[in-house]
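The residues making up each chain are set out below.
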Amino acid sequence: MSLRRHRLVTARQTAGHSQESLAESLGVERSTIQRWEAGETTPRAWYHPRLAAVLGLGPDELHALLHEPASPKLVLARPSVGVDHVEQVRHSLHDVIADGAGSATLDEWELTVTRHGAATKDRPAVLLLDDVAADVAGLHRSMVRHRSLSGLRRLTRVAAHLSGLMCLTLIKLDERQAFRRWARTARVAAGEVDDAVTLSWVLAQEAYGHFYSGDLAEAVTVARHAQAVVPGTPCVGAVLAAALEARAQAALDRADETRHALRHAEHLLSTIDVDVSTPSAFAYDEAQFRFHESNALTHLGDTRAAWTAQDRALELVAPQDFMDRAFTRLDRAMCLATDGDASGAASYALDTVLCLSEAERHGIINGRAREVIETVPRRHRAVAPVRELRDLLRLPSGIEGS
């Protein structure tokens with residue numbers, strides 16, 4: 001079949017674009033470009049400025065290309081239909097369906113967010129990263145095509161949640177600059193939908209990142225903002241933010257502020273109505289609170305109270321939630337080190353890390369294990385368990401932390 005818009009094809013080729021690269025530049029499928037060039041459809045008006053810019057054309061030149069007289073089609077007596085052709089047909093059908101962006105498509109995107117939220121509890125961040133990134137790219141294409149304002153608002157909320165999950169994933173990988181960029185995108189998306197509960201959750205993820213980046217004052221500020229945007233509204237973002245504030249305050253050695261934030265988090269936990277049957281980044285339960293309580297008390301040096309919180313957290317945490325379990329155990333190792341049991345602390349931390357795959361411990365878990373070594377007095381860092389832990393973490397001899 002001969003193409004009907006010959007000049008449009010020539011303009012694309014002159015600009016140095018394949019159908020795939022032009023589609024990527026515009027945020028559409030390749031099949032959409034094929035239909036434009038075949039004269040089957042005409043680009044909608046909102047694509048015109050970007051299309052003209054990419055092709056290096058003026059508005060009038062683009063208009064002329066899009067409205068050139070149709071060329072006759074060559075009909076083949078025996079068309080060759082292969083897998084590639086069938087896939088092109090499927091893409092064309094998919095685009096037509098997706099352009100309508102019905103409720104089924106929107107529901108599927110929201111289910112995708114739910115699945116990723118659950119995956120954060122049992123899937124290593126280094127493996128989850130590509131999955132979330134692929135869906136972010138797909139969501140971008142859906143948002144570009146979407147026409148309904150109400151549907152676009154739902155997709156923007158999905159964008160806020162996916163961006164927040166990307167932020168969380170990058171935090172776990174200790175990618176500090178990348179996490180900050182995604183945090184900004186998540187905030188913008190949450191602001192666009194004007195949804196305080198979503199914004200609170202997004203800000204809580206950001207506070208989490210600032211805490212693990214060592215920017216404790218900023219963690220407190222953002223955590224308080226996450227609570228302030230939902231005054232009187234029980235939600236996951238608010239309770240998570242209160243617990244994170246407690247951890248940051250404790251790391252700043254502010255005992256009164258820490259205990260106040262812990263009491264507030266526990267109160268909020270008693271008021272939220274969230275299904276916690278499946279652990280998720282979008283849920284918050286007592287197991288998480290006890291871990292956060294343990295971490296705050298560990299930072300304050302209140303090892304007896306921290307130990308009690310750790311016992312309860314380890315009793316409640318789901319078996320597949322390797323990260324919360326590992327961090328709770330590493331808090332216990334920190335308590336042992338604080339109480340003067342250097343060998344016991346290193347052995348406990350070593351056992352904890354050895355139970356994880358390399359993918360599972362990649363990022364902030366390894367960072368927390370290094371902190372255990374740093375807590376051990378220098379005169380005890382030559383004991384065998386400390387050396388083994390240092391070797392496992394691939395720390396150079398004589399350099400116990402960073």
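Here the structure is shown first, and the text comes after it.
Our subject in this report is the structure included herewith. (Residues numbered from 1 in each chain as written. Predicted model: local features only at pLDDT ≥ 70, side-chain atom pairs only at ≥ 80, totals over all residues. Heavy atoms only, no water.)

A word on the packing of helix H9 (residues 149–172) against helix H11 (residues 196–212). Interhelical geometry of H9 versus H11 gives an angle of 15° and a closest axis separation of 10 Å. In terms of their interaxial angle, H9 and H11 are classed as roughly parallel. Two packed elements cross with a definite hand, and for H9 against H11 that hand is left-handed. Of the residues in H11, those in contact with Arg157, Ala160, His161, Gly164, Leu165, Cys167, Leu168 and Ile171 of H9 are Thr198, Trp201, Val202, Gln205, Tyr208, Gly209 and Tyr212. The residue inventory of the contact of H9 with H11, partitioned by class, reads nine nonpolar, five polar and one charged. (Axes fitted to C-alpha atoms, helices over the stretch in contact; angles between N-to-C directions. Helix = DSSP H or I, 4+ residues; strand = E, 2+ residues; numbered from the N terminus. Parallel < 35°, antiparallel > 145°, perpendicular 65-115°, else oblique. Left-handed = near helix turned anticlockwise from the far one by under 90°. Contact = heavy atoms within 4.5 Å. Nonpolar A, V, L, I, M, F, W, Y, C, P; charged D, E, K, R; others polar.)

Helical geometry note: an α-helix holds 3.6 residues per turn, so side chains three or four residues apart project in the same direction. Every buried residue of helix H4 (residues 48–55) is listed here: Leu51, Ala52, Val54 and Leu55. Taken around the axis of H4, the buried residues stretch over an arc of 165°, which confines them to a single face. Exposed and facing more than 90 degrees away from the buried side of H4 are Pro49 and Ala53. Check the buried side of H4 and you find it contacts helix H1 (6–14), helix H2 (19–26), helix H3 (30–38) and helix H5 (59–66). (Buried < 20%, exposed > 50% of the residue type's maximum accessible area, 1.4 Å probe, protein only. Arc of directions from axis to C-beta.)

Core analysis: the largest hydrophobic core is formed by 96 residues, its most contacted members being Leu162, Tyr208, Tyr212, Tyr284 and Ile365. Counting 16 residues, the second-largest nonpolar core is a separate cluster that includes Ala23, Val28, Trp36 and Val54. (Core = buried A, V, L, I, M, F, W, Y, C linked by side-chain atoms within 4.5 Å.)

The next point concerns empty space enclosed by the protein. With the rule as written, the count across this model stands at two cavities of 30 Å³ or more. Empty space within the largest cavity amounts to approximately 260 Å³. Surrounding the largest cavity, 21 residues form its lining, Lys121, Leu168, Tyr208, Gln288 and Asp324 being those nearest its centre. For the lining of the largest cavity, the secondary structure elements donating two or more residues are H9, H11, helix H13 (236–251), helix H15 (286–300) and helix H17 (322–338). Grouping the constituent residues of the lining of the largest cavity by class yields 11 nonpolar, five polar and five charged. By volume, the second largest cavity is sized at about 30 Å³. Looking at the second largest cavity, the residues that line it are Leu170, Ile171, Asp174, Glu175, Arg176, Phe179, Gly209, Tyr212 and Ser213. Contributions of two or more residues to the lining of the second largest cavity are made by H9, helix H10 (176–193) and H11. Within the lining of the second largest cavity, the residues separate by chemical class into four nonpolar, two polar and three charged. (1 Å grid on protein atoms, 1.4 Å probe; cavity = no way out; pocket = protein on both sides within 12 Å on 5 of 7 lines; lining within 4 Å. Points joined across faces, edges and corners; volume = space filled by probe spheres on them.)

Looking at the element boundaries, Ala219 is found in helix H12 (residues 216–228). A relative accessible area of 1% places Ala219 in the buried class. In sequence terms Ala219 and Gly209 are 10 residues apart; their C-alpha atoms lie 7.7 Å from each other. Discounting residues that sit within four places of it in the chain, Ala219 has contacts with Ala207, His210, Phe211 and Ala248.

This next bit is on unusual backbone geometry. Positive phi, normally seen in glycine, also occurs at Asp174, with a value near 65°. Residue placement: Asp174 occurs in the loop between H9 and H10. Backbone geometry places Asp253, a non-glycine residue, at a positive phi of 65°. Among the structural elements, Asp253 can be located in the loop between H13 and helix H14 (255–271).

For the structure shown, the criterion picks out five aromatic pairs. An angle of 90° between the planes, with centres 5.1 Å apart, marks the rings of Phe211 and Tyr212 as edge-to-face. For the residue pair Phe211 and Tyr212, the accessibility class agrees, reading buried in each case. Each ring, one from Tyr212 and one from Phe327, has its centre 5.8 Å from the other, and the planes form 50°; the classification is tilted. One end of the pair, Tyr212, is in helix H11; the other, Phe327, is in helix H17, and 115 residues separate them in sequence. Assessed through its relative accessible area of 2%, Phe327 is described here as buried. These aromatic residues form a ring-pair network of at least three members: Tyr208, Phe211, Tyr212, Phe291 and Phe327. One residue, Arg329, lies across the ring of Tyr348, its end atom 4.2 Å from the ring centre. Across from the ring centre of Trp307, 3.9 Å away, lies the NZ or CZ of Arg332, which sits over that ring. (Phe/Tyr/Trp six-rings, centres within 6.5 Å; stacked < 30°, edge-to-face > 60°. Lys NZ or Arg CZ within 6 Å of the ring centre and 35° of its normal.)

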